[in-house]
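# Examining the three-dimensional arrangement
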Amino acid sequence: MKMGSNRSFPLVLLNCLLICVTLWSNLSSGVFAKSSRRPNIVLILTDDLDIAIGGLSPLTKTKKLIGDAGIAFTNAFVASPLCCPSRASILTGKYPHNHHVINNTLEGNCSSKVWQKSEEAQTFPALLKTYAGYQTFFAGKYLNQYGHPEAGGVAHVPPGWNYWVGLEKNSKYYNYTLSVNGKPEEHGADYSKDYLTDVLANRSLDFLQYKSNYQPFFMMVSIPAPHSPWTAAPQYQNSFNDTKAPRDPNFNVHGKDKHWLIRQAKTPMSNSSVQFLDDAFRKRWRTLLSVDDLVEKIVKRLEVSVELDNTYIFFTSDNGYHTGQFSLPLDKRQLYEFDIRVPLMVRGPNIKPNQTSQCLPAMLVSNVDLGPTILDIAGYNVNKTQMDGMSFLPVMEGKMNSSSWRTDILVEYEGEGSNVTDPACPLLGPGVSECFPDCVCEDSYNNTYACVRTVAPSANLQYCEFDDNEVFVEVYNVTADPYQLTNIAKTIDQEVLEKMNHRLMMLQSCSGQSCRTPGVYDPRSVQRCHARLFH
């Protein structure tokens, strides 16, 4: 009896020690009230994936495993239709005027030293790791200038990541450098070892296999597809051979009542331009087949490890894309639905499946909401942050009425142009960029705009102002005109114009809570707008 009790003493001591350690780790994470099985979170971010022109069509497994298993939003937007500003908004939960990343250059604050000092320590992954006790993993494209020698090179590992596999610079599929926890890893052009989408899938599976089982995890997988150079895996290079870019009503038509940059596009497009964009469209879809495989591998691994039911999985993109809309060959950067609206699918605990045809998915969400939502899932108080977005977790879980959700968001873009005239296009003069061989340009210095995008029971409206000499205005009733063919700025009720102008000015200077105040068409707004859309 005595010997038995002596032998059991170390076990009792060990149990006490484990309880103490568990209590300490829960206390130190600041979420002691939460259950010990806190949910895991996966964010899969694609690059330039649209929803308006069929971008989800090749992703049959992804739609089934994430969208059908949870919720597929139809009104998900980005804060800016360009890679680096949009990614900065995802990471910080802030609009561009608050995180100050304005384009894809180092001078535009993309992964710059200023960004690193002012924003990186307050990104949502840093908060998850530091305060919520999550183990964190990143793989793929971070920000377009990541790895730049003037910003710390690949030795710089942003705060917030336990495991870091960051792509140097912009999206590629072969011949790239990865920063593996701050050390360079060179890759060549061997499909079996180097195809980036597959490398990211394999690194993600490695993390899931070797991570600690005593902490919840956050995993962000940032895929190059379907960004140029649109290099498909060998087994998919002959897929979609008969596919063409969709000939929607706004395809290859002149944007006669739009900003001058849209009006300068040649209509009809040349045969060579149409062939080029059709070919690009096919190549984009082919790259997405490997993304579909990646999603399936991650979901299946979580299923095998019996973690899927306790894991939230988000799937989205940093911006949309266009191929021939308003005779613009291909790019992003414009204010229209095809460039600012993105896929967003979420599955997870307490999210009912097949929420695709009800009113809930029509809610207006922005990518500034991703950080707050993920922090909310982790049990971190979003009100402690300076984030402009808001958590849509209560709505997904059915704990908040969608009618009390906000009705408008801000979209901002700062145009870029060259200081000198392109010798091939002398008539255009300086100030333009992203020009095609037939002198159709996709961007300019004064392609700088801000928009209020409204989705409310009484209005589905887009109001935009350009920062140019004209202060050009574009307004669209998206319900009546889903392809945005007709700018109604000159025919809409003047009272609506004035109220939208005031709302836009307010949002352009908002910060934190003030970005979430009721909009013009919000039923809660004291100054609710009863004006008709048309005279």
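What comes next concerns the included structure. Quick caveat, the model's predicted, so the values are computed rather than measured. (Residues numbered from 1 in each chain as written. Predicted model: local features only at pLDDT ≥ 70, side-chain atom pairs only at ≥ 80, totals over all residues. Heavy atoms only, no water.)

## Brief notes about the state of the cysteines
The test is simple: A pair of sulfur atoms, both from cysteines and within 2.5 Å, is called a disulfide here. Numbering of helices and strands runs from the N terminus, with a helix taken as a DSSP run of H or I at least four residues long and a strand as a DSSP run of E at least two residues long. Any residue under 20% of the maximum accessible area for its type is buried, any over 50% is exposed, and the rest in between are partly exposed; the area is computed with a 1.4 Å probe on protein chains only.
Scanning all chains against the criterion turns up 5 disulfides. At a sulfur-sulfur separation of 2.0 Å, the disulfide partner of Cys 425 is Cys 439. On the S-S bond that ties Cys 425 to Cys 439, the torsion sits near -90°, and the link is left-handed. Note that Cys 425 is positioned in the loop between strand S14 (408–413) and strand S15 (432–435) and Cys 439 in the loop between S15 and strand S16 (441–444), a separation of 14 residues in sequence. You can call Cys 425 buried: its relative accessible area is 5%. Through a disulfide, Cys 435 is tied to Cys 441; the S-S separation comes to 2.0 Å.

## Digging into the side chain of Asp 408
Stated precisely, the cut-off is as follows: Whenever a nitrogen or oxygen atom comes within 3.5 Å of another N or O atom, the pair is scored as a polar contact, on the condition that within protein one atom can donate a hydrogen and the other can accept it, and that pairs from neighbouring residues in sequence are kept only if both atoms are in side chains. The contact criterion used is simple: two residues touch if any of their non-hydrogen atoms lie within 4.5 Å.
With respect to the secondary-structure elements, Asp 408 resides in strand S14. Residue Asp 408 is classed as buried on the basis of its relative accessible area, which comes to 3%. Polar side-chain contacts of Asp 408 include one of 2.7 Å to the side chain of Arg 503. Setting aside residues up to four positions removed in sequence, Asp 408 forms contacts with Leu 364, Val 452, Arg 453, Thr 454, Arg 503, Leu 507, Gly 519 and Val 520.

## What to know about helix H3 (residues 83–92)
Summarising burial for H3: 10 of the 10 residues are buried, a large majority. By the burial criterion, the buried members of H3 are Cys 83, Cys 84, Pro 85, Ser 86, Arg 87, Ala 88, Ser 89, Ile 90, Leu 91 and Thr 92. Among the residues trailing H3, Gly 93 stands out with phi positive, at a value near 70°.

## Focus on the pattern of salt bridges
How we decide: By convention in these notes, a salt bridge is any Lys or Arg side-chain nitrogen within 4 Å of a carboxyl oxygen on Asp or Glu.
Counted under the stated rule, the structure contains 23 salt bridges. The partner of Asp 443 in a salt bridge is Arg 333, and the shortest N-O contact between them spans 3.5 Å. With Asp 443 in strand S16 and Arg 333 in the loop between strand S11 (330–331) and helix H11 (337–340), this residue pair connects regions lying 110 residues apart in the sequence. As far as burial versus exposure is concerned, Asp 443 and Arg 333 are alike and both buried.

## What about helix H14 (residues 494–508)?
What counts here: Multiplying one less than the number of residues by 1.5 Å gives the expected span of a helix. Regarding the arc, it is the one traced by the directions from the helix axis to the C-beta atoms.
The first and last C-alpha atoms of H14 sit 21 Å apart over 15 residues, in line with the 21 Å expected at 1.5 Å per residue. When we look at burial in H14, the residues that qualify are Val 496, Leu 497, Met 500, Arg 503, Leu 504 and Leu 507. Looking straight down H14, one finds that the buried residues subtend no more than 130° of arc, so they occupy a single side. Close packing links the buried residues of H14 with helix H4 (96–99), S14, strand S17 (449–456), strand S18 (459–466) and strand S19 (473–477).

## Some remarks on the pairing of strand S8 (residues 217–222)
Selection rule: In this analysis, strands are considered paired if DSSP registers two or more bridges between them.
Burial of S8 is extensive: 6 of the 6 residues sit out of reach of the surface. Side chains of S8 alternate between two faces, with Phe 217, Met 219 and Val 221 and Phe 218, Met 220 and Ser 222 buried alike. Two strands pair when backbone bridges link them, and strand S1 (residues 40–46) and S8 are joined in this way by 5 bridges, in the parallel orientation. By the bridge assignment for S8, Ile 41 is matched with Phe 218. Here 6 bridges tie strand S4 (residues 135–141) to S8, and the two strands are oriented parallel to one another. Along S8, the bridge assignment pairs Phe 137 with Met 219.

## Concerning the sheet that holds strand S12 (residues 344–347)
Cut-off, in case you're wondering: What counts as an axis is a line fitted to C-alpha atoms, over the stretch in contact for a helix, and the angles between N-to-C directions run from 0 to 180 degrees.
Taking strand neighbours across the sheet as the criterion, the 9 strands line up as S2-S12-S9-S1-S8-S4-S5-S6-S7 in an open arrangement whose pairing is mixed. A single partner strand is all that each edge strand has here, and the edge strands are strand S2 (71–73) and strand S7 (183–187). Mean inter-strand twist for the sheet, computed between neighbouring axes without regard to direction, equals 15°. Sheet strands touched by helix H8 (residues 196–210): S4, strand S5 (163–167), strand S6 (176–180), S7 and S8. Its angle to S8, the strand with the most contacts, is close to 175°.

## Quick notes on the sheet that holds S14
In spatial order, the strands read S14-S17-S18-S19; together these 4 strands make up an open sheet with antiparallel pairing. Two strands close off the open sheet at either side, each with one partner strand: S14 and S19. The sheet shows a mean angle of 15° between the axes of neighbouring strands, direction not considered. Relative to S19, S18 runs antiparallel, the two sharing 5 bridges. Opposite Glu 465, over in S19, you have Val 473 as the bridge partner.

## Examining unusual backbone geometry
Ala 225 connects to Pro 226 through a cis peptide bond whose omega is -5°. Tracing the chain through its elements places Pro 226 in the loop between S8 and helix H9 (260–263). The omega angle of the peptide bond from Ser 228 to Pro 229 is 15°, so this bond is cis rather than trans. Of note, Val 306 is a non-glycine position whose phi angle comes to about 55°, a positive value.

## Structural notes on the nonpolar core
Definition in use: Here, nonpolar core means buried Ala, Val, Leu, Ile, Met, Phe, Trp, Tyr and Cys residues that are tied together by side-chain atoms lying within 4.5 Å of each other.
Core analysis: the largest hydrophobic core is formed by 97 residues, its most contacted members being Phe 73, Phe 124, Leu 128, Phe 218, Phe 314, Val 346 and Phe 392. Residue contributions to this core peak at 6 residues, all from S17. Excluding its chain neighbours within four sequence positions, the residues that come into contact with Phe 314 are Ile 41, Val 42, Leu 43, Ile 44, Met 345, Val 346, Leu 370, Thr 373, Ile 374, Ile 377 and Phe 392. Val 199, Ala 233, Val 274 and Leu 330 belong to the second largest nonpolar core, which has 55 residues in total.

## A short note on the packing of aromatic side chains
Using the following cut-off: Two rings belonging to Phe, Tyr or Trp (six-membered ring only in the last case) form a pair when the distance between their centres is within 6.5 Å. Interplanar angles under 30 degrees mark stacking, angles over 60 mark edge-to-face geometry, and anything in between is tilted.
The final tally for this structure, using the stated rule, is 29 aromatic pairs. Centre to centre, the rings of Phe 138 and Trp 164 are 4.7 Å apart; their planes meet at 20°, and the pair counts as stacked. Within this pair, whereas Phe 138 is found in strand S4, its partner Trp 164 is found in strand S5, the two being separated by 26 residues in sequence. As far as burial versus exposure is concerned, Phe 138 and Trp 164 are alike and both buried.

## A short note on the packing of H8 against helix H10 (residues 271–304)
Two packed helices can be described by the angle between their axes and the distance between those axes. Worth spelling out the cut-off: Roughly parallel here means an angle under 35 degrees, roughly antiparallel means over 145, roughly perpendicular means 65 to 115, and every remaining angle is called oblique. Lys, Arg, Asp and Glu make up the charged group, whereas Ala, Val, Leu, Ile, Met, Phe, Trp, Tyr, Cys and Pro make up the nonpolar group; the residues left over, Gly among them, are polar.
At a minimum axis distance of 9 Å, the contact between H8 and H10 shows a crossing angle of 10°. Comparing the axis directions of H8 and H10 gives the class roughly parallel. Here Thr 197, Asp 198, Leu 200, Ala 201, Ser 204, Leu 205, Leu 208 and Gln 209 of H8 come into contact with H10, specifically with Ser 290, Val 291, Leu 294, Lys 297, Ile 298, Arg 301 and Leu 302. Considered class by class, the residues forming the contact of H8 with H10 number 8 nonpolar, 4 polar and 3 charged.

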